[in-house]
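Listed below are the residues making up each chain.
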Amino acid sequence: MTAYDIVIRNGQVADGTGKPLFAADVAVKGDRIAAVEAPGTLRGDNEIDAAGKVVAPGFIDVHTHDDTALIDNPTMAMKASQGVTTVVCGNCGVSAAPYVRPDVGHWMSLIIKKKENLAKDFAGFAAKVDAAKPAINGAFLIGHGTLRLNMMGDDLNRVASPAEISQMRALLDQSLEQGAIGMSSGLFYAVSNAASTDEVAEVAQPLGKWGGVYTAHMRDEGDHILAAMDETFEIGRRAGAEIIVSHHKCSGRSNFGRMKETLPKFTEAMKRQQIAFDVYPYIAGSTILRTDMLERADKVLITWSEKVPGLSGRDLADIAREMGCSMKEAGDRIQPAGAIYFMMDEKDVQAAMSHPGAMIGSDGIPFDAHPHPRLWGTFPRVLGHYSRDLALFPLEDAVRRMTSYSARRFHLTGRGEVKPGYYADLCVFDPATVIDTATFEQPMTPAAGIDTVLCNGAIAWRDGKPGGGRAGRALHRQQMQDEAKTA
Ligand SMILES: [Zn+2]
């Protein structure tokens, strides 16, 4: 009998495809799953008893801003503690690389805290990630907003010139060649808001050639969301790229219930194009503090303020009362800052999450002083709260939306299933107790019920703390495509 490096014994396997749980032992050799066999048949140097537990593929967080968190916080506790083994970075139009300017600057400081993490090209950045030996993997999108900053400097309130578009396109082309997996845009944000549909579609052209994906934080997620969806679908179509709409939501009280319009629109468009979207399991969103967003939120919490650090975690309405001014004025006084906005309808969130095109992404913001609890809670919350407690969908389907479906949409070859030959990215959790513990008051607490997390065969998380395994890597687009051909 072969001795494997690790055997996870006596568990119920949720293999990621959505098929019903089955009893099996899972063996790991090196960085791969070597065998999935009947209980009791496999022996390993290290045996992990998973009786009463579920053995699932490691979760793929398809929507993150963890680009440099992988370098600065390589144990990645906020994600490994949830069972996440791969993070897709560079969403919403902002990526750490390529970045040719000498200083980090205000916009990029949202995802880069240290100047030494800057890299002029994607290959240089990926090398920094690999050198940091993170506990989990990263896959990287190139931000259209970051490309704009590179080529247009601070002159961003206009459409890029033809020369600038061709420079951005060349930079994207080079980055994809060097291993990035696609491009993201964030037309909602000031950095990119002046960009036209044509600009984005023209910059995005290399996606078709390299098989890169296009992800979009759309221009509008409120009153004009249907037009924004049309724009997104057009950009993907013109670039020849598969589309992932980011953090799908209908934002603001006047738009509550409009999933009844957006979801059928997705269903229709999915017949003609490859389209999917990600969702996080909360009725509150989080981003920079924008006073034009105050009106549509029922409540606003401050996540950080450079000017008044003591305000992190506090309600902006209370701050305004103490200052004796309006919320807008209070917001202006504490800028630059970040905020959490309660602006979604619970029924909408549930409808989005259950749609056939939906996968799970946290959109957690790793460096916020008082972050949205999604940073630490997203995946266990879907498993414990939405699947188990509310029975929104079966556990196997919840796992599928965090693993195989996500891997397929982002072309992460060899991940997202418990299957011999696949990478040994695994999460062992207790289906009876798994739950998020991070709250809006206490947002940085590890989930309950996550037992053991393996990434590339190394133990990234175990018994409530980092497991010492640091086998994560920057996933390379070409390498994954080559593996897909030989698989
Ligand atoms: Zn976004």
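Since the structure is predicted, the reported quantities are computational estimates derived from the model, not experimental observations.

Visitor: Let's hear about the overall build of the protein: which residues, and what values?
Guide: From N to C terminus, the protein includes 18 helices and 20 strands. On C-alpha atoms alone, the protein measures out to a radius of gyration of 22 Å, which is about the 23 Å that the 2.2 N^0.38 rule sets for 487 residues. The principal-axis extent of the C-alpha atoms belonging to the protein is close to 70 × 50 × 45 Å. Here the protein holds 487 residues, and 57% of them are scored as buried.

Visitor: Give me the nonpolar core: which residues, what numbers.
Guide: Inside soluble globular proteins, nonpolar side chains tend to come together where they are buried. Grouped together as the largest cluster of nonpolar side chains are 163 residues, with contacts concentrated most on Val26, Val55, Tyr214 and Ala460. In terms of residues, this core owes the most to one element, helix 10 (residues 225-239), which gives six residues. Setting aside residues up to four positions removed in sequence, alanine 460 forms contacts with Ala80, Thr85, Ala135, Ile136, Val453, Leu454, Cys455, Gly467 and Gly469.

Visitor: Describe the pairing of strand 8 (residues 137-143), listing the residues and the values that go with them.
Guide: Of all seven residues that make up strand 8, seven are buried, and the element is covered over most of its length. Neither face of strand 8 is exposed, since Asn137, Ala139, Leu141 and Gly143 on one face and Gly138, Phe140 and Ile142 on the opposite face are all buried. Inspection of the sheet shows strand 7 (residues 84-89) paired to strand 8 by four bridges, in the parallel sense. Within strand 8, the residue paired with threonine 86 across the bridge is asparagine 137. Pairing of strand 8 with strand 9 (residues 182-186), which is carried by three bridges, proceeds in the parallel orientation. Pairing of glycine 143 across the sheet is with serine 184, part of strand 9.

Visitor: Residues and numbers for the sheet that holds strand 14 (residues 299-305), please.
Guide: Reading across from one edge, 13-15-14 is the order of the three strands in this open sheet, with antiparallel pairing throughout. Whereas interior strands pair on both sides, the edge strands pair on one side only; in this sheet they are strand 13 (284-288) and strand 14. Strand-to-strand twist of the sheet, defined as the mean angle between neighbouring strand axes without regard to direction, takes the value 20°. Two elements, strand 13 and strand 15 (residues 337-342), share five bridges in a ladder whose sense is antiparallel. Within strand 15, the position partnered with serine 286 by the bridge is isoleucine 340.

Visitor: Break down the pairing of strand 3 (residues 32-37) for me, citing the residues and quoting the values.
Guide: Looking at chain direction, strand 2 (residues 22-29) and strand 3 are connected through five bridges and run antiparallel. In the sheet register, alanine 27 faces strand 3, and the bridge partner there is alanine 35. Between strand 2 and strand 3, which pair antiparallel in sequence order, lie two residues; one of them, glycine 30, sits at a positive phi of approximately 60°.

Visitor: Quick rundown of the environment of serine 184? Include the residues and the values.
Guide: Position of serine 184 relative to the elements: it lies in strand 9. Between the alpha carbons of serine 184 and valine 94 there is a distance of 7.5 Å; along the sequence they are 90 residues apart. Look past the residues within four positions of serine 184 in its chain and what remains in contact with it is Gly90, Asn91, Cys92, Gly93, Leu141, Gly143, His144 and Thr215.

Visitor: Describe in detail helix 4 (residues 122-131), supporting the description with residues and values.
Guide: Every buried residue belonging to helix 4 is among Phe122, Phe125, Ala126 and Val129, and all of these are buried. Around the axis of helix 4, the buried residues are gathered within 100° of arc, so they sit on the same side. Taken together, the buried residues of helix 4 touch helix 1 (69-72), strand 8 and helix 6 (162-177). Immediately beyond the C-terminal end of helix 4, within one or two residues, lies lysine 133, with a positive phi of roughly 45°.

Visitor: I'd like a rundown of the domain arrangement of the protein, residues and numbers included.
Guide: Taken domain by domain, the protein consists of domain 1 (3-55 + 438-486), domain 2 (58-288 + 342-416) and domain 3 (289-341). Inter-centroid distance (C-alpha atoms) of domain 2 to domain 3 is 25 Å. Across the boundary between the two partners, domain 2 contributes 17 residues, which contact 16 residues of domain 3. Among the elements that make up the side of domain 2 that touches domain 3, the one with the highest residue count is strand 13 (five residues). Split by residue class, the side of domain 2 that touches domain 3 holds six nonpolar, nine polar and two charged.

Visitor: Got a sec to walk through the sheet that holds strand 11 (residues 243-245)? Specific residues and values, please.
Guide: Strand order in the open sheet made by the eight strands is 6-7-8-9-10-11-12-16, with parallel pairing throughout. Pairing within the sheet leaves two strands with one partner each, and these edge strands are strand 6 (59-61) and strand 16 (358-360). The average angle at which neighbouring strand axes cross in this sheet is 30°, direction not considered.

Visitor: Describe in detail helix 10, supporting the description with residues and values.
Guide: The end-to-end C-alpha distance of helix 10 is 21 Å, a good match for the 21 Å that 15 residues give at a rise of 1.5 Å each. Looking at helix 10, one finds that the buried residues are Ile225, Ala228, Met229, Glu231, Thr232, Phe233, Ile235, Gly236 and Ala239. Where helix 10 is buried, its residues contact helix 8 (197-203), helix 9 (206-210), strand 10 (213-217), strand 11, helix 11 (259-270) and strand 12 (275-279). The positive-phi residue at the C-terminal boundary of helix 10 is glycine 240, with phi of around 65°.

Visitor: Report on the packing of helix 10 against helix 11, specifying residues and quantitative values.
Guide: Where helix 10 contacts helix 11, the two axes come as close as 10 Å, and the packing angle between them is 20°. Considered as vectors, helix 10 and helix 11 are oriented roughly parallel to each other. Judged by the twist between their axes, the crossing of helix 10 over helix 11 is right-handed. Residues Ile225, Leu226, Met229 and Phe233 of helix 10 form the contact with helix 11, whose own contacting residues are Glu261, Thr262, Lys265 and Ala269. The class makeup of the residues in the contact of helix 10 with helix 11 is five nonpolar, one polar and two charged.

Visitor: So what about the environment of arginine 101? Which residues, and what values?
Guide: With respect to the helices, strands and loops of the structure, arginine 101 is situated in the loop between strand 7 and helix 3 (105-108). Note on arginine 101: 14 C-beta atoms within 10 Å, which makes it partly exposed. Distance in space between the C-alpha atoms of arginine 101 and lysine 120 is 8.1 Å, their sequence separation being 19 residues. Contact partners of arginine 101, with chain neighbours within four places excluded, come to Leu149 and Asn150.

Visitor: Please give an account of unusual backbone geometry that cites residues and values.
Guide: Between alanine 97 and the following residue, proline 98, the backbone shows a cis peptide bond with an omega angle of -10°. You can see proline 98 is positioned in the loop between strand 7 and helix 3. The residue after glutamine 335, namely proline 336, is reached through a cis peptide bond having omega -5°. At histidine 247, a position not held by glycine, the phi torsion is positive, near 30°. Of note, histidine 247 is situated in the loop between strand 11 and helix 11. Although it is not a glycine, histidine 411 sits at a positive phi angle of roughly 60°. Relative to the helices and strands, histidine 411 is located in the loop between helix 17 (404-410) and strand 17 (426-429).

Each value, and the rule that gives it
- Residues numbered from 1 in each chain as written.
- Predicted model: local features only at pLDDT ≥ 70, side-chain atom pairs only at ≥ 80, totals over all residues.
- Helix = DSSP H or I, 4+ residues; strand = E, 2+ residues; numbered from the N terminus.
- Rg over C-alpha atoms; globule rule 2.2 N^0.38 Å.
- Buried ≥ 20, exposed ≤ 12 C-beta atoms within 10 Å, placed from the backbone.
- Core = buried A, V, L, I, M, F, W, Y, C linked by C-beta atoms within 7 Å.
- Contact = placed C-beta atoms within 7 Å.
- Pairing = 2+ DSSP bridges.
- Axes fitted to C-alpha atoms, helices over the stretch in contact; angles between N-to-C directions.
- Arc of directions from axis to C-beta.
- Domains from an automatic or database assignment.
- Nonpolar A, V, L, I, M, F, W, Y, C, P; charged D, E, K, R; others polar.
- Expected span 1.5 Å × (residues − 1).
- Parallel < 35°, antiparallel > 145°, perpendicular 65-115°, else oblique.
- Left-handed = near helix turned anticlockwise from the far one by under 90°.

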